[in-house]
Amino acid sequence: MSLVDTPDAFDKLAADLPDGVNVFQALGELLRHQPQVTIVKLAGMARGGGAEFVTAADMAFAAIGRAGIGQIEALMGIVPGGGGTQYLAGRIGRNRALEAVLGADLYDAETAERYGWVNRAVPADELDDIVDRLARNIAVLPDGVIAAAKRAIVPDDLAEGLLREHNAWAGQIVRPAAERLIRSGLAHGAQTRDGERDLENLLRALAG
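Residues numbered from 1 in each chain as written. Predicted model: local features only at pLDDT ≥ 70, side-chain atom pairs only at ≥ 80, totals over all residues. Heavy atoms only, no water.

(A) Broad picture of the overall build of the protein chain. Within the protein chain, the secondary structure is distributed over 12 helices and six strands. Computed over C-alpha atoms, the radius of gyration of the protein chain comes to 18 Å, within 12% of the 17 Å expected from 2.2 N^0.38 for 208 residues, which places it in the range of a compact globule. Counting only C-alpha atoms, the protein chain reaches 55 × 40 × 30 Å along its principal axes. By residue count, 39% of the 208 residues in the protein chain fall in the buried class. (Helix = DSSP H or I, 4+ residues; strand = E, 2+ residues; numbered from the N terminus. Rg over C-alpha atoms; globule rule 2.2 N^0.38 Å. Buried < 20%, exposed > 50% of the residue type's maximum accessible area, 1.4 Å probe, protein only.)

(B) Structural view of the sheet that holds strand E2 (residues 45-47). An order of E2-E4-E5 is seen for the three strands of this open sheet, with the pairing classed as mixed. Of all the strands in the sheet, the pair left with one neighbour each is E2 and strand E5 (107-108). Relative to E5, strand E4 (residues 68-70) runs antiparallel, the two being bridged by two bridges. Of the residues in E5, the one forming a bridge with Ile69 is Tyr107. Along the sheet, helix H3 (residues 49-56) contacts E2 and E4; its crossing angle with E2, the most-contacted strand, is approximately 100 degrees. (Pairing = 2+ DSSP bridges. Contact = heavy atoms within 4.5 Å. Axes fitted to C-alpha atoms, helices over the stretch in contact; angles between N-to-C directions.)

(C) Representation of the environment of Leu98. Looking at the secondary structure, you find Leu98 in helix H5 (residues 94-103). Put simply, Leu98 and Ala205 are 107 residues apart on the chain and 22 Å apart in space, counted from C-alpha to C-alpha.

(D) Geometry of unusual backbone geometry. The phi dihedral of Ala104 falls on the positive side, at around 50 degrees, and the residue is not glycine. Within the fold, Ala104 resides in the loop between H5 and E5.

(E) Main features of the pattern of salt bridges. Applying the stated criterion to the full structure yields eight salt bridges. Notably, a salt bridge pairs Arg32 with Glu29, separated by 2.7 Å at the nearest N-O pair. One end of the pair is Arg32 and the other is Glu29, both in helix H2 (residues 23-32) and three residues apart, which spans about a single turn. Glu29 shares its class with Arg32; the two are buried. Several salt bridges converge on common partners, so that one network encompasses Lys41, Asp128 and Asp132. (Salt bridge = Lys/Arg side-chain N within 4 Å of Asp/Glu carboxyl O.)

(F) Layout of the packing of helix H4 (residues 84-92) against H5. Interhelical geometry of H4 versus H5 gives an angle of 135 degrees and a closest axis separation of 7 Å. The pairing of H4 with H5 is recorded here as oblique in orientation. By crossing handedness, the relation of H4 to H5 is classed as right-handed. From H4, Leu88, Ala89 and Ile92 reach across to H5, where they touch Arg94, Asn95, Arg96, Ala97, Ala100 and Val101. Counted by class, the contact of H4 with H5 contains six nonpolar, one polar and two charged residues. (Parallel < 35°, antiparallel > 145°, perpendicular 65-115°, else oblique. Left-handed = near helix turned anticlockwise from the far one by under 90°. Nonpolar A, V, L, I, M, F, W, Y, C, P; charged D, E, K, R; others polar.)

(G) Looking closely at the packing of aromatic side chains. Under the definition given, this model contains three aromatic pairs. Ring centres 6.1 Å apart and planes at 70 degrees place the aromatic pair Phe24 and Trp169 in the edge-to-face group. Of this pair, Phe24 sits in helix H2 while Trp169 sits in helix H9 (residues 159-173), placing them 145 residues apart in sequence. For Trp169, a relative accessible area of 14% puts it in the buried group. Ring geometry for Tyr107 versus Trp117: centroids 5.5 Å apart, planes at 55 degrees, classification tilted. Here Tyr107, found in strand E5, pairs with Trp117, found in the loop between helix H6 (109-115) and strand E6 (120-123); they are 10 residues apart in sequence, far enough to count as distant. With relative accessibility at 7%, the residue Tyr107 sits in the buried group. Judged by its relative accessible area of 0%, Trp117 falls in the buried class. An aromatic cluster is present here, built from Tyr107, Tyr115 and Trp117 joined pairwise through their rings. (Phe/Tyr/Trp six-rings, centres within 6.5 Å; stacked < 30°, edge-to-face > 60°.)

Following this line, the structure appears as structure tokens:
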């Protein structure tokens, strides 16, 4: 959100990016194309860029009663700009991606599992054991199996979609409505601990 005051904050990083992606998308793409298997254990709230990071990973497991995930950007007058629109559509389908992006709600672990946003919703006290067991099982596979599986189950080529997403995001963030909503959100504590706990309602109140 602070980009509204420091729009050039990532210029230095952007200079080294591959063509066709912004700095936020580049992080997601770096994660998506790792040779290792990437697994997220989600035991808290992941919104906006945090949600995009979760969705870019190969797998994600969410703690029931503790995890929440959502794309909140629409409440700030923008759209996800770090791969979220593309990763979501691939995971949960276009109709549910539109629901998540435009509805801008926080989804609990069970709903996220039902939608396909995460692999599984698991009891919070079992999250570590379940993910650690999976990671250990993967780690002892014979040489070449992980690489072969990742070559066979290749990530979608999202180059065109990421460009469309960036253009949509860049076109919205310069609009007066987005600047007003973002500044108002910051002024009302959107990036404080208390504000983060009920971020959707805080921003909805400002948008209304």
